[in-house]
Amino acid sequence: MTAQKPQTRGAFLRRLTALVRKEVKQLLRDRSNLMMGIALPLVLILIFGYGLSFDVKNAPLAVVMEDTSPTAHGMVASMRLSPYLDPTLVHDMHRAEALMLERKVNGILRIPSDFTRRLALGDAHLQLILHGADANTARIVQGYVQSALQSWASPADAGGAVRLESRMWFNEANTSTWFLVPGLIVLITTLVGAFLTALVMAREWERGTLEALFVTPVRPIEILLAKIIPYFGVGLIGIAMCLVAARFLFGVPIEGSLLLILVVSVFYLFVALGIGLLISAVTKNQFTASQVALVASFMPALMLSGFIYDLRNMPLLVQGVGRVLPATYYLETLKSLFLAGNLWPMILKNCAVLIGYAVVLLAAARAKTRKLIG
Amino acid sequence: MSGLPAFLRRVANLCLKELKVILKDPASRVVLFAPVLVQSLMFGYAATLDLRQAPYALLDQDHGQAATRLVARIEGSGVFRRVATLRNESDIAPIVNAGKVLFVVNIPPRFEQRLEGGESAPVQLILDARNSSTAGTAAGYLGTIVSRFNADWRREHGGGSVPLTLDVRSWYNPNLETRWFMMTAMIAILSMLQTLMLTALSVAREREQGTFDQLLVTPCTPAEIMIGKSVPSIVVGLVQASLVLLIATLWFRIPMAGSLGTLYVALLVFMVACVGIGLAISAMAASMQQAMLYTFVLMMPLVLLSGMTTPIANMPVAMQWLTAIDPARYAIHMVQRVYLEGVGLGTVLGDILPLLGIASVTLPLAAWLFRNRLV
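Residues numbered from 1 in each chain as written. Chains lettered and ligands numbered in written order. Predicted model: local features only at pLDDT ≥ 70, side-chain atom pairs only at ≥ 80, totals over all residues. Heavy atoms only, no water.

### Notes on the overall build of chain A
When you go through chain A residue by residue, the secondary structure sums to 14 helices and five strands. Its C-alpha atoms give chain A a radius of gyration of 28 Å, clearly above 21 Å, the size a compact globule of 374 residues would have. Its C-alpha atoms put chain A at 100 × 40 × 40 Å along the principal axes. Taking all 374 residues of chain A together, 56% fall into the buried category. (Helix = DSSP H or I, 4+ residues; strand = E, 2+ residues; numbered from the N terminus. Rg over C-alpha atoms; globule rule 2.2 N^0.38 Å. Buried < 20%, exposed > 50% of the residue type's maximum accessible area, 1.4 Å probe, protein only.)

### Describing the side chain of A:Gln291
Within the secondary structure, A:Gln291 is located in helix α11 (residues 286-303). Relative accessible area serves as the criterion here: at 0%, A:Gln291 is assigned to the buried category. Ignoring any residue separated from it by four or fewer positions in sequence, one finds A:Gln291 in contact with B:Val31, B:Gln194 and B:Met197. (Contact = heavy atoms within 4.5 Å.)

### Some thoughts on unusual backbone geometry
All names here are of chain B. Of note, the phi angle at Arg110 is positive, near 65°, even though the residue is not glycine. When you line up the elements, Arg110 lands in the loop between β3 (103-107) and α5 (111-116). Here Arg110 falls in the partly exposed class, since its relative accessible area comes to 40%.

### Focus on the interface of chain A and chain B
Quite often, the size of an interface is put as the accessible area lost when its parts meet. Contacts between chain A and chain B engage 114 residues on the former and 116 residues on the latter. Carbon and sulfur atoms supply 64% of the area buried between chain A and chain B, which totals about 10,200 Å² over both sides. Across the chain A-chain B interface, the total number found is one salt bridge. Linking A:Arg207 and B:Glu208 is a salt bridge whose minimum nitrogen-to-oxygen distance equals 3.5 Å. Of the residues belonging to the side of chain A that touches chain B, the class tally is 66 nonpolar, 30 polar and 18 charged. Bridging between strand β5 (residues 161-169) of chain A and strand β4 (residues 120-128) of chain B involves nine bridges; their strand directions are parallel. (Buried area = accessible area lost by both parts, 1.4 Å probe. Salt bridge = Lys/Arg side-chain N within 4 Å of Asp/Glu carboxyl O. Nonpolar A, V, L, I, M, F, W, Y, C, P; charged D, E, K, R; others polar. Pairing = 2+ DSSP bridges.)

### Describing the domain arrangement of chain A
We note that the domain assignment places domain 1 (14-52 + 175-373) and domain 2 (59-156) within chain A. Measuring from the centre of the C-alpha atoms in domain 1 of chain A to the corresponding centre in domain 2 of chain A gives 48 Å. (Domains from an automatic or database assignment.)

### Quick look at the pairing of strand β1 (residues 54-60) of chain B
Residue and element names in this part refer to chain B. In terms of burial, β1 is largely enclosed, as seven of its seven residues are buried. The alternating pattern of β1 places Ala54, Tyr56, Leu58 and Asp60 and Pro55, Ala57 and Leu59 on opposite faces, both of which are buried. The pairing of β1 with strand β2 (residues 80-85) spans five bridges and is classified as parallel. Pairing of Ala54 across the sheet is with Phe80, part of β2. Considered for its hand, the β-α-β crossover made up of β1, helix α3 (residues 65-76) and β2 is right-handed. (Right-handed = clockwise from strand over helix to strand, strands pointing away.)

### Concerning the UniProt feature "transmembrane region" (unreviewed entry) in chain B
Residue and element names in this part refer to chain B. Cross-referencing UniProt, the feature "transmembrane region" (unreviewed entry) maps to residues 180-204, 234-254, 260-281, 293-313 and 352-370 in the present numbering. From the first C-alpha to the last, residues 234-254 spans 25 Å; its make-up is 86% helix and 0% strand. The distance separating the terminal C-alpha atoms of residues 293-313 is 30 Å; by composition the span is 57% helix and 0% strand. (UniProt positions renumbered as here; feature names shortened; annotations may be inferred.)

### Focus on a nonpolar patch on the surface
All names here are of chain B. Taken together, the side chains of Ile227, Val231, Val235 and Val239 make up a nonpolar region of the molecular surface, amounting to roughly 260 Å² of accessible area. As for its placement among the helices and strands, Val235 is situated in helix α9 (residues 222-251). Accessibility expressed as a relative area gives 38% for Val235, which makes it partly exposed. (Patch = residues over 30% accessible without salt bridge, like charges linked within 9 Å, V, L, I, M, F, W, Y side chains within 5 Å. Areas by Shrake-Rupley, 256 points an atom, 1.4 Å probe, with all protein chains shown as cover.)

In structure tokens form, the structure reads like this:
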């Protein structure tokens with residue numbers, strides 16, 4: 001046994017290289033694989049970097065001036081100074097409501113006719129009606145109006161008041177691009193690893209070409225490795241493109257070590273590949289595999305990883321689901337490595353979790369594949 | 001044997017056959033309906049940008065009455081939960097770095113003294129902006145709390161503030177719950193995801209298995225075959241949309257303002273547009289795998305640019321133009337207008353027409369592609 005080992009290893013490597021070469025050829029032959037591996041990351045980089053933004057600017061607001069005093073005009077003028085609001089004067093509520101129905105404005109600010117008089121009496125009211133269909137934007141606009149009025153009513157330099165000095169750590173400019181880009185990397189790695197692999201493998205199961213491979217001298221582990229290696233490469237290309245775009249296109253800082261980013265990405269790529277292999281081995285059918293991969297990869301990575309919606313605001317049960325997803329750990333580590341630096345306790349913990357997932361998933365995929373030969 | 005009855009019979013038979021193909025496999029039956037249920041429930045809870053019990057840490061270096069009052073206001077808001085009380089400034093960095101808190105409120109010494117002396121008293125707010133949208137929301141909430149505190153303080157201590165009250169009301173969603181927005185968007189998005197995939201796979205599957213050529217030698221015309229492929233996908237899509245709708249109304253109790261009839265007309269038009277895209281992909285793909293990948297590559301931008309994750313108004317102008325060809329954008333807008341605002345069919349025409357436009361480009365394109373690929 002021991003004497004044979006070098007020879008076996010040589011044969012193993014030879015078979016593996018041959019298989020990998022075949023897989024790479026297959027991968028390159030089909031344009032759709034390359035679309036997924038290269039074009040999709042490019043499109044997503046552009047959308048995430050330039051298209052998506054939570055930063056509401058110049059929110060249109062209809063201002064109904066029932067009071068035309070200089071005081072009221074002065075107040076509206078001060079609102080115009082805010083880069084976040086874009087007030088338009090309208091003459092009556094009718095017109096304002098029409099604008100609201102067409103969703104041309106995010107809200108209506110009504111300045112009642114007795115505004116100036118009641119201001120002198122010390123009890124002035126303004127009415128703000130928000131378009132609540134997009135609740136988040138509505139709330140942001142409410143905040144802008146409130147703070148614009150606040151700074152008009154009591155300028156910050158007037159004494160005897162608490163002055164809030166906010167500091168946004170890790171993202172001083174508070175641009176959402178900075179936190180969207182790490183999320184994008186998670187999404188792309190998940191897609192290439194889990195989705196692409198699941199589809200390609202399911203096709204082989206469905207057509208029986210995998211069984212055909214089993215009767216050759218190659219071992220299941222070699223088949224799995226040969227499948228993993230090319231997609232691993234495609235995944236790395238996707239990650240590399242995101243990193244280059246993050247740094248040079250969007251100016252996202254990389255506070256932590258680039259090497260660590262790569263290392264943790266490799267771990268997560270193994271996890272995603274494991275998910276893909278497992279899905280295909282369990283479903284053995286392209287249609288079912290595509291649906292399961294869709295449900296198990298894209299949507300959860302988008303909705304439950306803490307990428308857009310902060311896990312800390314979710315009910316405990318849903319938080320629990322998020323905590324089970326490997327994407328959550330990858331995202332947390334990436335965000336910290338990009339924006340905060342090498343926070344070792346967190347990185348080590350999350351890497352351990354990811355390695356654990358990779359081992360379990362790949363072993364399960366291996367077990368599922370072996371069982372089927374018998 | 002010709003004319004309308006024969007046409008209808010052939011189409012009905014094709015539809016039946018197609019439905020059987022989709023539903024015969026128990027695994028695919030489960031996969032078509034269970035995920036929609038689970039996802040809409042889960043995302044209904046998960047997708048919230050509202051803060052709830054957000055963890056924070058307090059560093060009170062003043063220990064005066066004013067500081068205590070301010071902290072009481074922060075905690076009385078019900079939005080924040082104190083998870084740590086710090087002793088000095090060097091404790092701030094570790095706890096923020098570890099992601100244990102969303103922010104730290106730092107009340108420096110001499111806080112009360114400055115406030116009473118009519119000076120401006122700074123309070124430092126250190127936010128973890130790794131998720132900048134949550135951080136921004138928290139800063140907004142705290143800003144409101146502090147300005148209310150200031151107004152009261154000045155009223156009591158005779159400061160020079162202008163008494164101004166903002167009465168806020170919100171139409172269509174009185175408590176501004178993100179869930180109302182999310183669930184209504186999900187009615188369109190979740191059904192779109194699978195309708196697209198289903199249609200894209202339908203022709204590709206036949207082509208891969210070689211049964212498409214058999215279909216062509218039957219007396220069915222290409223138009224009939226296309227209708228036969230579309231109707232089952234539309235039915236499945238509408239059933240999925242209905243499931244999400246049921247969860248929105250019965251489980252999350254989001255009141256429906258508009259009429260069901262209008263909503264279903266709108267959804268039907270949306271499904272036709274999706275099916276058009278799906279069939280066009282199907283015609284271009286040589287295999288199921290290609291069909292799936294093309295669908296996926298297209299689906300991601302469709303979802304991301306639909307206005308579901310971030311508002312379209314925040315996008316750069318060029319990107320906003322691009323969303324004009326995104327059916328999901330019209331569908332979300334339309335469903336929300338009917339569901340939340342209660343508008344009628346005439347009002348959503350502005351969304352229905354572009355969808356019809358998309359369908360009238362993609363369906364003939366698909367038909368043309370089918371013919372020209374097979375000659």
